[in-house]
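Here's the letter readout for the chains.
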Amino acid sequence: MSLARCWGRVTNLTVTKALGSKVWDVDGAEYIDCTSGIAVTNVGHCHPQVVAAIQRQAEQFIHCQVNVHYSDTLLAYADRLKKHMPPGVDSFFFSNSGAEAVEGTCKLVRQATKRLNVLGMQGAFHGRTGTAMALTTSGAKYRAPFFPAAANVFSTQRPLRAGEVADCKAQLALLLKGTLTPETIAGVVQEPILGEGGFWRSPEGWLEHLRSVANDSGALLCYDEVQTGFGRCGSMFAYQQSCPETTKPDVVIFGKGIAGGLPMAGFAAKKDVMDALEPSMHGGTYGGNPIAAAAAIAVLDVLEEPSFLPTANERAKEVLDGLRALSGVYPGLVLEPRGTGFMIAFDMRTPEDAKALVDRLRTEHRILFFAPCGIEGRTLRVMPPLVITPTEVEQVLSALDSTLAYLSSKN
């Protein structure tokens, strides 16, 4: 094997084909994929409209470097995506990955405000590079070996449950008195729903409080929607599920599900904010690649179909209802099932139980789950393609029931 071992392995499968919610390995074995490549293939593996768009674009031109000339496909995509942004957020920068988009966002807020400090949230994951890594606190393994981390990055505790909001507000107030002063904050970076941190939705009152803090301090409020975006959370973006007047972000960061599996990401802001980055202050060779942009247009075509998200949300409800029923059958083993759209998660009693569940689902039932996450390493996420069928949902829930029964008998 010639690949670097730093890619942490969940399986040793080698896949040769994928379609919809399924993948096939080199031996022809079929698996239901409940990972979506970490919440990327939202419209399904190899969706025919995405494949056709890629093929058409590849016959026209493959690479267009934006410093040299514009791609008509990218310009068309920006106009389409603008319709899904908060009012006034109308200027885009496109990159290859979510981490790149976070890095660019941090440069933007510092340049726009002429301040240095960036405030993030405990339990968040924003990437493995520079400032993004400094903002990542969902696991010490991402940061600790590479200290000192990027400077002028701070974190405050964010609430997971409704009863924690008041304490987290108090902790943020202390941070703004004892460590930072509000007028030194360039940006506040928040995942509306924690990703790697365990799919915890922001409780009511928290996003409103961050919007208020940003307003009072003159900082820019940035929503990292890399994992929540493009239908994963049940709507096009998570910010759309909150009151726009009291929670509206200044910057939206996006990626993952944007282009059906091709590498594309970016961030959006009002033009007067984005224009703070002068020519050549930020850039990239491959950002806004025309093939990725063509795929992204096709993804929007699918997501905008009137029945697509409602149908996906029905499947997600079936999964969450099933998990809640299983938590009643195995009350000490399955803890706190929760979900928003197809960002569904539950905790296992121990990290060992979580790993054992993932391994047995794969080996005995050919169901693929991603590795346990969360600070304690015992949270499992259910994030299949949004096109998963009712029959496949039944198979997944049946396999979970069987595997939990097995683990329960061993304990």
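Only a predicted model underlies this, so the values are computations on that prediction, with no experimental measurement involved. (Residues numbered from 1 in each chain as written. Predicted model: local features only at pLDDT ≥ 70, side-chain atom pairs only at ≥ 80, totals over all residues. Heavy atoms only, no water.)

Asks: Sorry, what's going on with the overall build of the protein chain here?
Replies: Assigned secondary structure in the protein chain consists of 13 helices and 14 strands. For 411 residues, the compact-globule formula gives about 22 Å, and the C-alpha radius of gyration of the protein chain, at 21 Å, lands near that figure. Each of the 411 residues in the protein chain was classed as buried or not, and the buried ones make up 55%. A separation threshold of at least 6 residues defines the contact pool for the protein chain, and within that pool the share at least 24 residues apart is 72%. Accessible area for the protein chain stands at about 17800 Å²; split by element, carbon and sulfur atoms hold 54% of it. (Helix = DSSP H or I, 4+ residues; strand = E, 2+ residues; numbered from the N terminus. Rg over C-alpha atoms; globule rule 2.2 N^0.38 Å. Buried < 20%, exposed > 50% of the residue type's maximum accessible area, 1.4 Å probe, protein only. Contact = heavy atoms within 4.5 Å. Areas by Shrake-Rupley, 256 points an atom, 1.4 Å probe, with all protein chains shown as cover.)

Asks: I would appreciate a short explanation of the packing of aromatic side chains in the present structure.
Replies: Aromatic ring pairs are reported here in terms of the distance separating the ring centres and the angle at which the planes meet. As enumerated under the stated definition, the model contains nine aromatic pairs in all. On the basis of an interplanar angle of 65 degrees and a centroid distance of 5.0 Å, the ring pair of Phe230 and Phe237 is categorised as edge-to-face. Looking at Phe230, the relative accessible area reads 0%, which means it is buried. According to the relative accessible area criterion, Phe237 is buried, its value standing at 0%. Through successive ring pairs, a cluster of aromatic residues spans Tyr77, Phe92, Phe94, Phe230, Phe237, Tyr239 and Phe254. Taking the ring centre of Trp24 as reference, the NZ or CZ of Lys17 above it sits at 4.8 Å. For Arg360, the ring lying beneath its charged end belongs to Tyr406, and the centroid distance is 3.5 Å. (Phe/Tyr/Trp six-rings, centres within 6.5 Å; stacked < 30°, edge-to-face > 60°. Lys NZ or Arg CZ within 6 Å of the ring centre and 35° of its normal.)

Asks: In this structure, what is going on with the sheet that holds strand β11 (residues 334-340)? I would like to understand it.
Replies: Strand pairing within a sheet occurs via backbone hydrogen bonds; the two strands may be parallel or antiparallel. Here we have three strands laid out as an open sheet, ordered β11-β12-β14, and antiparallel in their pairing. This sheet does not close on itself; its edge strands, each paired only once, are β11 and β14 (379-382). Across the sheet, the mean angle separating the axes of adjacent strands is 20 degrees when strand polarity is ignored. The sheet contact formed by β11 and strand β12 (residues 343-348) spans five bridges and is antiparallel. (Pairing = 2+ DSSP bridges. Axes fitted to C-alpha atoms, helices over the stretch in contact; angles between N-to-C directions.)

Asks: Any chance you could explain the pairing of strand β9 (residues 251-254) here in plain terms?
Replies: Remember that side chains alternate between the two faces of the sheet whenever the strand is regular. Neither face of β9 is left uncovered, since the one carrying Val251 and Ile253 and the one carrying Val252 and Phe254 both have all their residues buried. Sheet topology places β9 next to strand β10 (residues 265-269); four bridges connect them, and they run antiparallel. Bridge assignment links Phe254 to a residue of β10, and that residue is Gly266.

Asks: Is there a simple way to think about the sheet that holds strand β2 (residues 22-25) in this case?
Replies: The mixed open sheet is built from four strands, whose spatial order is β1-β2-β3-β13. Taken across any chain shown, the strands that pair with only one partner, and hence form the sheet edges, are β1 (15-19) and β13 (367-368). Bridging between strand β3 (residues 30-33) and β13 involves two bridges; their strand directions are parallel. Bridge pairing in β13 links Asp33 to Leu368. Docked against the sheet, helix α13 (residues 390-410) engages β2, β3 and β13, running at close to 90 degrees with respect to β3.

Asks: Would you explain the pairing of β3 in this entry?
Replies: For β2 and β3, the ladder comprises three bridges, and the chain directions are antiparallel. By the bridge assignment for β3, Trp24 is matched with Glu30. Between the antiparallel neighbours β2 and β3 lie four residues, among them Gly28 with a positive phi of about 85 degrees.

Asks: What am I meant to see in a nonpolar patch on the surface here?
Replies: A cluster of nonpolar residues, Met1, Leu3 and Trp7, forms a patch on the protein surface that exposes about 470 Å² of accessible area. Mapped onto the elements of the fold, Trp7 is located in the segment before β1. (Patch = residues over 30% accessible without salt bridge, like charges linked within 9 Å, V, L, I, M, F, W, Y side chains within 5 Å. Salt bridge = Lys/Arg side-chain N within 4 Å of Asp/Glu carboxyl O.)

Asks: Where do I start with the pattern of salt bridges in this structure?
Replies: Opposite charge on two side chains permits them to pair, given that their charged atoms come into close proximity. Here the structure, examined in full by the defined rule, presents 18 salt bridges. Salt-bridge contacts for Asp353 lead to Arg349; the nearest nitrogen and oxygen are separated by 3.1 Å. Accessibility expressed as a relative area gives 8% for Asp353, which makes it buried. Residue classification places Arg349 among the partly exposed residues on the basis of a relative accessible area of 36%. Two residues, Asp359 and Lys355, come together in a salt bridge whose shortest N-O distance is 2.8 Å. You can see Asp359 and its partner Lys355 sitting in helix α12 (residues 351-365), four residues apart, about one turn around the helix. Among the ionic contacts, a cluster of salt bridges with common partners joins Lys22, Glu30 and Glu392.

Asks: Help me understand the packing of helix α6 (residues 165-178) against helix α7 (residues 206-217) in this model?
Replies: A packed helix pair is summarised by two numbers, namely the angle formed by the two axes and the spacing between the axes. Remark: α6 packs on α7, axes separated minimally by 11 Å, with the N-to-C direction vectors making an angle of 20 degrees. The orientation of α6 with respect to α7, classified from their angle, is roughly parallel. Considering how the two elements wind past one another, α6 and α7 form a crossing that is right-handed. From α6, Cys168, Lys169, Leu172 and Leu176 reach across to α7, where they touch Trp206, His209, Leu210 and Val213. Across the contact of α6 with α7, the residue classes break down as six nonpolar, one polar and one charged. (Parallel < 35°, antiparallel > 145°, perpendicular 65-115°, else oblique. Left-handed = near helix turned anticlockwise from the far one by under 90°. Nonpolar A, V, L, I, M, F, W, Y, C, P; charged D, E, K, R; others polar.)

Asks: Can you help me understand the side chain of Arg381 in this one?
Replies: Tracing the chain through its elements places Arg381 in strand β14. Side chain to side chain, Arg381 and Glu196 meet in a polar contact 3.4 Å long. Separated by 3.4 Å, the side chains of Arg381 and Gln227 make a polar contact. Those residues within four positions of Arg381 in sequence are excluded, and the remaining contacts are Cys34, Gly195, Glu196, Phe199, Gln227, Ile344, Ala345, Phe369, Phe370, Ala371 and Cys373. (Polar contact = N/O pair within 3.5 Å; in protein donor to acceptor, adjacent residues only side chain to side chain.)

Asks: What exactly am I supposed to notice about unusual backbone geometry here?
Replies: Glycine aside, negative phi is the norm for most residues, and most peptide bonds take the trans geometry. Look at the link from Phe147 to Pro148: it is a cis peptide, with omega at 5 degrees. Positive phi is not limited to glycine here, since Phe230 has a value of about 60 degrees. The residue Ser280 is not glycine, and still its phi comes out positive at about 80 degrees. Structurally, the position occupied by Ser280 is in the loop between α9 (271-274) and α10 (290-303).

Note that all results are geometric; they support no functional claim without further evidence.
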